[in-house]
Amino acid sequence: MLGATISLLYARGDTDLIPARVSLSQFPEGISGWMGRDMPLDKETLDVLGAGDFLSRNYSSSGQPYTIGLFIGYFPTQRTGTTIHSPKNCLPGAGWAFEASQYIDLKDADNRTHRIGEYVISNGEHKDVVLYWYEAHGRSVASEYAAKAYMVADAMRLKRTDGALVRVITPIGPNESRAVAVARAEAFTGQLAPLLPAYIPN
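Here is what the cut-offs are and how they apply
- Residues numbered from 1 in each chain as written.
- Predicted model: local features only at pLDDT ≥ 70, side-chain atom pairs only at ≥ 80, totals over all residues.
- Heavy atoms only, no water.
- Helix = DSSP H or I, 4+ residues; strand = E, 2+ residues; numbered from the N terminus.
- Buried < 20%, exposed > 50% of the residue type's maximum accessible area, 1.4 Å probe, protein only.
- Contact = heavy atoms within 4.5 Å.
- Areas by Shrake-Rupley, 256 points an atom, 1.4 Å probe, with all protein chains shown as cover.
- Pairing = 2+ DSSP bridges.
- Polar contact = N/O pair within 3.5 Å; in protein donor to acceptor, adjacent residues only side chain to side chain.
- Phe/Tyr/Trp six-rings, centres within 6.5 Å; stacked < 30°, edge-to-face > 60°.
- pLDDT = per-residue confidence, 0-100.
- Expected span 1.5 Å × (residues − 1).
- Arc of directions from axis to C-beta.
- Core = buried A, V, L, I, M, F, W, Y, C linked by side-chain atoms within 4.5 Å.

Caption draft 1: Spatial organisation of the overall build of the protein. Along the backbone of the protein there are five helices and nine strands. Along the chain direction, N to C, the helices and strands of the protein fall in the order α-β-β-α-β-β-α-β-β-β-β-α-β-α. Within the protein, buried positions represent 45% of all 202 residues. Counted over contacts in the protein with a minimum sequence separation of 6, partners at least 24 positions apart contribute 66%. Surface summary for the protein: the accessible area is close to 10,000 Å², and the carbon and sulfur share equals 53%.

See the structure below:
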């Protein structure tokens, strides 16, 4: 039924309302002691992602031995067939395996709670912690299926299908515990999340 409803919305061809926002190119390079360096996406990746606004950046801190990768993909409309790609589909295709997964509630620096997915992935001996969620209209959603359902509801109620994927990733160092890497990713995300509304409209 959800798939049929999405197909109907696409077929109707209604024009979405696209709210004003700040481009992700203006996203802060400094976040709570972390400094970012842009990692441009290649043409092949951009072609797969489709029409949208994307940020790919590595953050480092003098007090931390490992970097944090940030990817934000914002899609102003998903009615035309350009939709958010789930990391659950993309990462295995790049050779990564999911070792552990759970949904968590993370409170940000403004005491707002975000429902996000927390994963441990591996590729050979290399392991990473990944946090990701779908952000749209002031709502944080961990499940891709719930995100699609909300998108359909908002398309009918608000004439909006815009939304974003936010992904934070950091390695689990060879001499550190998984808990330390998770804490690093969660602390960074807690500082990052309050910055999002200017770039991903409520």
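Caption draft 2: Main features of the pairing of strand β5 (residues 97-107). In the sheet, β5 pairs with strand β6 (residues 113-123) via 10 bridges, with the strands oriented antiparallel. The residue of β6 that forms the bridge with aspartate 105 is arginine 115.

Caption draft 3: Representation of the side chain of arginine 160 within the structure. Assignment of secondary structure puts arginine 160 in the loop between α4 (144-158) and β9 (163-171). In this structure arginine 160 comes out as buried when scored by relative accessible area, which is 11%. In terms of polar contacts, arginine 160 uses its side chain to reach the backbone carbonyl oxygen of proline 201, at 3.3 Å. In contact with arginine 160, not counting residues within four places along its chain, are Asp16, Leu17, Pro19, His137, Met151, Asp154, Ala155, Pro201 and Asn202.

Caption draft 4: Focus on the packing of aromatic side chains. Per the stated rule, a full pass over the model turns up eight aromatic pairs. An angle of 80 degrees between the planes, with centres 5.9 Å apart, marks the rings of tryptophan 34 and phenylalanine 188 as edge-to-face. Linking tryptophan 34 in strand β2 (residues 34-38) with phenylalanine 188 in helix α5 (residues 178-192), this pair joins segments that are 154 residues apart in sequence. By relative accessible area, phenylalanine 188 is classed as buried at 1%. For the ring pair phenylalanine 98 and tyrosine 119, a centre distance of 5.4 Å and an interplane angle of 85 degrees mean the geometry is edge-to-face. Remark: tyrosine 119 occurs in strand β6 and phenylalanine 98 occurs in strand β5; sequence separation between them is 21 residues. Among the aromatic residues, those joined into a ring-pair cluster are Phe98, Tyr119, Tyr132 and Tyr134.

Caption draft 5: Quick look at the confidence of the model for the protein. Per-residue pLDDT for the protein averages 88, and the proportion of residues at 70 or more is 87%. Predicted confidence in the protein is weakest over helix α1 (residues 2-12), with a mean pLDDT of 57, and strongest over α5, with 97.

Caption draft 6: Representation of the side chain of aspartate 108 within the structure. As for its position among the elements, aspartate 108 is in the loop between β5 and β6. At a separation of 2.8 Å, a polar atom in the side chain of aspartate 108 contacts the side chain of histidine 114. Other than its neighbours up to four places away in sequence, aspartate 108 contacts His114, Gly190, Ala193 and Pro194.

Caption draft 7: Summary view of α4. Here α4 spans 20 Å end to end across 15 residues, near enough to the 21 Å set by a 1.5 Å rise per residue. For α4, the complete set of buried residues consists of Ala147, Met151, Val152, Asp154 and Ala155. Viewed end-on, α4 has its buried residues packed into an arc of 165 degrees, placing them on one side of the element. For α4, the exposed residues lying more than 90 degrees away from the buried face are Tyr145, Met156 and Arg157. The N-cap residue of α4 is serine 143: its side-chain oxygen and the backbone nitrogen of tyrosine 145 are 3.2 Å apart. Residue lysine 159 follows α4 closely and has a positive phi angle near 60 degrees.

Caption draft 8: Representation of the nonpolar core within the structure. Counting 29 residues, the largest nonpolar core has Phe27, Leu70, Ile72 and Leu192 as its most contacted members. Those elements giving two or more residues to this core turn out to be β3 (53-60), β4 (68-75), β5, β6, β7 (126-136), β9 and α5. If one sorts the elements of this core by residue count, α5 sits on top with five residues. The contacts of leucine 70, once residues within four sequence positions are left out, are Phe27, Leu55, Ser56, Arg57, Tyr59, Val166, Arg167, Val168 and Leu192. By size, the runner-up hydrophobic cluster in this structure holds 15 residues, among which are Tyr119, Ile121, Tyr132 and Ile169.

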